[in-house]
Amino acid sequence: IYPMNALANSQLEELDEFFGHYEKNKLPVTYARYTGQEKDEERRNVALNPPDILLTNYMMLELLMTRQGDIDRTVIGSAQDIRFLVLDELHTYRGRQGADVAMLVRRVRETLSPKVQCIGTSATMVSEGDLSQRNKVVAEVASRIFGSNVDADHVITESLQRQTPYDKE
């Protein structure tokens with residue numbers, strides 16, 4: 001789930017590049033984008049051939065769950081027992097938008113899978129405090145959005161380590 005179509009489009013390009021050496025009918029995982037940009041034929045194709053990974057935005061997921069058209073019902077029906085719900089740019093979901101997304105996550109659990117594992121990604125969530133303090137803040141935000149407890153020990157971070165010499169002069 002992305003906050004903007006541009007991010008879903010970027011991820012689609014990355015997946016196309018990553019899996020570009022495979023023949024289209026021999027991909028190890030299938031994926032598709034389903035946003036407001038797709039024509040009816042593309043949406044029908046997603047409905048008839050449910051992908052392993054569906055790239056969308058939170059507004060389209062909301063529409064998929066509430067609209068009553070045949071294509072949307074088929075797409076959401078294929079998502080029954082979804083295992084993972086990944087929200088990219090978790091830091092953007094605050095205020096009213098955060099509340100809307102938090103309610104959407106709860107509806108996904110209720111409608112599709114009570115055991116769905118929610119994953120949030122963000123490069124810019126919090127920068128103050130030590131690692132333990134930052135992880136605590138991330139866990140608190142994720143817990144509010146996901147509607148379930150996220151332990152600070154489950155927050156995965158990264159740090160960059162220079163691999164080439166750097167001379168400050």
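Reading the values: rules and limits
Residues numbered from 1 in each chain as written. Predicted model: local features only at pLDDT ≥ 70, side-chain atom pairs only at ≥ 80, totals over all residues. Heavy atoms only, no water. Axes fitted to C-alpha atoms, helices over the stretch in contact; angles between N-to-C directions. Helix = DSSP H or I, 4+ residues; strand = E, 2+ residues; numbered from the N terminus. Parallel < 35°, antiparallel > 145°, perpendicular 65-115°, else oblique. Left-handed = near helix turned anticlockwise from the far one by under 90°. Contact = heavy atoms within 4.5 Å. Nonpolar A, V, L, I, M, F, W, Y, C, P; charged D, E, K, R; others polar. Salt bridge = Lys/Arg side-chain N within 4 Å of Asp/Glu carboxyl O. Buried < 20%, exposed > 50% of the residue type's maximum accessible area, 1.4 Å probe, protein only. Phe/Tyr/Trp six-rings, centres within 6.5 Å; stacked < 30°, edge-to-face > 60°. Core = buried A, V, L, I, M, F, W, Y, C linked by side-chain atoms within 4.5 Å.

### Details of the packing of helix 3 (residues 58–66) against helix 5 (residues 95–111)
- Where helix 3 contacts helix 5, the axes come no closer than 11 Å and their chain directions differ by 40 degrees. Here helix 3 lies oblique to helix 5, going by the angle between them. Judged by the sense of rotation from one axis to the other, the crossing of helix 3 with helix 5 is left-handed. Along its contact with helix 3, which presents Tyr58, Leu61, Glu62 and Met65, the element helix 5 presents Gln97, Val101, Leu104, Arg107, Val108 and Thr111.
- Tallied by class, residues from the contact of helix 3 with helix 5 come to 6 nonpolar, 2 polar and 2 charged.

### Structural notes on the pattern of salt bridges
- Across all of its chains, the model carries 5 salt bridges by this definition.
- Between Glu38 and Arg33 there is a salt bridge, and its shortest N-O distance comes to 2.4 Å.
- Glu38 sits in the buried class, given a relative accessible area of 7%.
- According to the relative accessible area criterion, Arg33 is partly exposed, its value standing at 22%.
- For Glu140, the salt bridge identified is with Lys136, shortest N-O distance 3.6 Å. You can see Glu140 and its partner Lys136 sitting in helix 6 (residues 131–146), 4 residues apart, about one turn around the helix.

### So, the packing of aromatic side chains
- All chains considered together, the criterion is met by 4 aromatic pairs.
- Judged by centre distance (4.9 Å) and plane angle (85 degrees), the rings of Phe18 and Phe19 are edge-to-face.
- A residue is classified by how much of its surface remains accessible, and Phe18, at 58% relative accessible area, is exposed.
- Owing to a relative accessible area of 10%, Phe19 belongs among the buried residues under this scheme.
- Centroid distance Tyr58 to Tyr93: 5.9 Å. Interplanar angle 90 degrees. Geometry classified as edge-to-face. Taken together, the positions of Tyr58 in helix 3 and Tyr93 in the loop between strand 3 (84–87) and helix 5 put the pair 35 residues apart, joining distant regions of the chain.
- Overall, the relative accessible area of 14% leaves Tyr58 in the buried class.
- For Tyr93, a relative accessible area of 4% puts it in the buried group.

### Looking at the environment of Leu15
- Looking at the element boundaries, Leu15 is found in helix 1 (residues 5–18).
- We classify Leu15 as buried; its relative accessible area is 12%.
- Leu15 sits 15 residues away from Thr30 along the chain, and the two C-alpha atoms are 9.7 Å apart.
- Sequence-distant contacts of Leu15, defined by excluding residues within four places in its chain, comprise Tyr31 and Leu55.

### A closer look at the nonpolar core
- Leu61, Leu85, Leu87, Tyr93 and Ile145 are the most contacted members of the largest nonpolar core, which has 27 residues in total.
- If you list the elements that add at least two residues to this core, you get helix 2 (40–48), helix 3, helix 4 (70–78), strand 3, helix 5 and helix 6.
- No other element matches the 5 residues that helix 3 contributes to this core.
- In contact with Leu61, other than residues within four places in its own chain, are Ile1, Thr56, Ile76, Leu85, Leu104 and Val108.
- Counting residues in hydrophobic clusters, the runner-up holds 7 residues, among them Tyr2, Leu12, Phe19 and Leu55.

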